[in-house]
Amino acid sequence: MSSISFIGTGNMTRILGTRALAGGNTVEVIGRDAAKAAALVSELGAGATAGVSGSVPAGDIVILAVPYASAAPVVSQYGDALAGKVIVDVSNPFNPSGTGLDTPEGTSIAEEVAKAAPASAHVVKAFNTIFGQVLAQGRPDVFIAGDDAQAKASMSAFIESIGLRPLDVGDLTMAHWLEGAGLLMIGLARNGVGNFNFSLGISTLG
Ligand SMILES: NC(=O)c1ccc[n+]([C@@H]2O[C@H](COP(=O)([O-])OP(=O)(O)OC[C@H]3O[C@@H](n4cnc5c(N)ncnc54)[C@H](OP(=O)(O)O)[C@@H]3O)[C@@H](O)[C@H]2O)c1
């Protein structure tokens, strides 16, 4: 069982929080708007609690379920309250037209989050290549990237608890390419696949 805190009260917290609870984990919802957090906690039901914005999250794993532009600023704002945590960045830094990444070449939102995080925290990129509606119902592969083996092991245990397969793509510099893979998903949805009901997965021969 993992203890998960979500910062943010939107779609990803609702979807992933639902799956996390179904997998036997505890879920804390932290919103900058306490009323929104309380409403989502009551929607999620047993096992969910509301946290206090800016204080130490209850979860060992803290999922930043906020827009990409807010991810690093939120981590800076929490500061030492995130010491020792596994911080999970799920964001997709798409430009306004969804045709490119809104980050400088050679970096990623996850690496910006790591720069903002306390030295004792470890950042993992995960879930960004999965559309919310697929995460709600399907069994997509979950690609993860990060520099700390123990943090990735904790994330993998959580991902397995919700019935999904974690696949390690390497260190945190690979987050740039996961963010690119998020863009690839948009291109496929708009073109070759034509809808958002699919996932990117790995098949092996034999
Ligand atoms: N939805 C998907 O299909 C999907 C799939 C993969 C990855 N993602 C990624 O998941 C992340 C969240 O997406 P979402 O769909 O859940 O977005 P959403 O429904 O718009 O929710 C965003 C949440 O972030 C909160 N927030 C924004 N800025 C904040 C700040 N500075 N401090 C604290 N809270 C802040 C908002 O709070 P307020 O309500 O108070 O404004 C809101 O609760 C994004 O980075 C997105 O790229 C989404």
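Data block above holds the structure.
Residues numbered from 1 in each chain as written. Predicted model: local features only at pLDDT ≥ 70, side-chain atom pairs only at ≥ 80, totals over all residues. Heavy atoms only, no water.

Engineer: Tell me about the overall build of the chain, residues and numbers included.
Structural biologist: Looking only at helices and strands, the chain has 7 helices and 8 strands in total. Relative to the globule expectation of 17 Å for 206 residues, the C-alpha radius of gyration of the chain, 16 Å, shows essentially globular dimensions. For the chain, buried positions account for 50% of its 206 residues. For the chain, restricting intrachain contacts to residue pairs at least 6 apart in sequence, the fraction spanning at least 24 positions comes to 68%. (Helix = DSSP H or I, 4+ residues; strand = E, 2+ residues; numbered from the N terminus. Rg over C-alpha atoms; globule rule 2.2 N^0.38 Å. Buried < 20%, exposed > 50% of the residue type's maximum accessible area, 1.4 Å probe, protein only. Contact = heavy atoms within 4.5 Å.)

Engineer: Requested: an account of the sheet that holds strand β3 (residues 48-50), with residues and values cited.
Structural biologist: Across the sheet, 8 strands lie side by side as β3-β2-β1-β4-β5-β6-β7-β8; this open sheet has mixed pairing. Either end of the sheet is taken by a strand with one partner, and the two such strands are β3 and β8 (165-170). When strand polarity is set aside, the average angle formed by the axes of neighbouring strands in this sheet is 25 degrees. As paired elements, strand β4 (residues 61-64) and strand β5 (residues 86-89) share 4 bridges and run parallel to each other. Counterpart to Ile63 in the pairing with β5 is Val88. (Pairing = 2+ DSSP bridges. Axes fitted to C-alpha atoms, helices over the stretch in contact; angles between N-to-C directions.)

Engineer: An account of helix α2 (residues 34-44) is requested, with residue identities and associated values reported.
Structural biologist: Residues of α2 that are buried: Ala37, Leu40, Val41 and Leu44. Looking straight down α2, one finds that the buried residues subtend no more than 105 degrees of arc, so they occupy a single side. Of the exposed residues in α2, those oriented more than 90 degrees away from the buried face are Ala35 and Ser42. Between a side-chain oxygen at the N-terminus of α2 and the backbone nitrogen of Ala35 the separation is 3.0 Å; the capping residue is Asp33. One or two residues past the end of α2 sits Gly45, with phi positive at roughly 85 degrees. (Arc of directions from axis to C-beta. Polar contact = N/O pair within 3.5 Å; in protein donor to acceptor, adjacent residues only side chain to side chain.)

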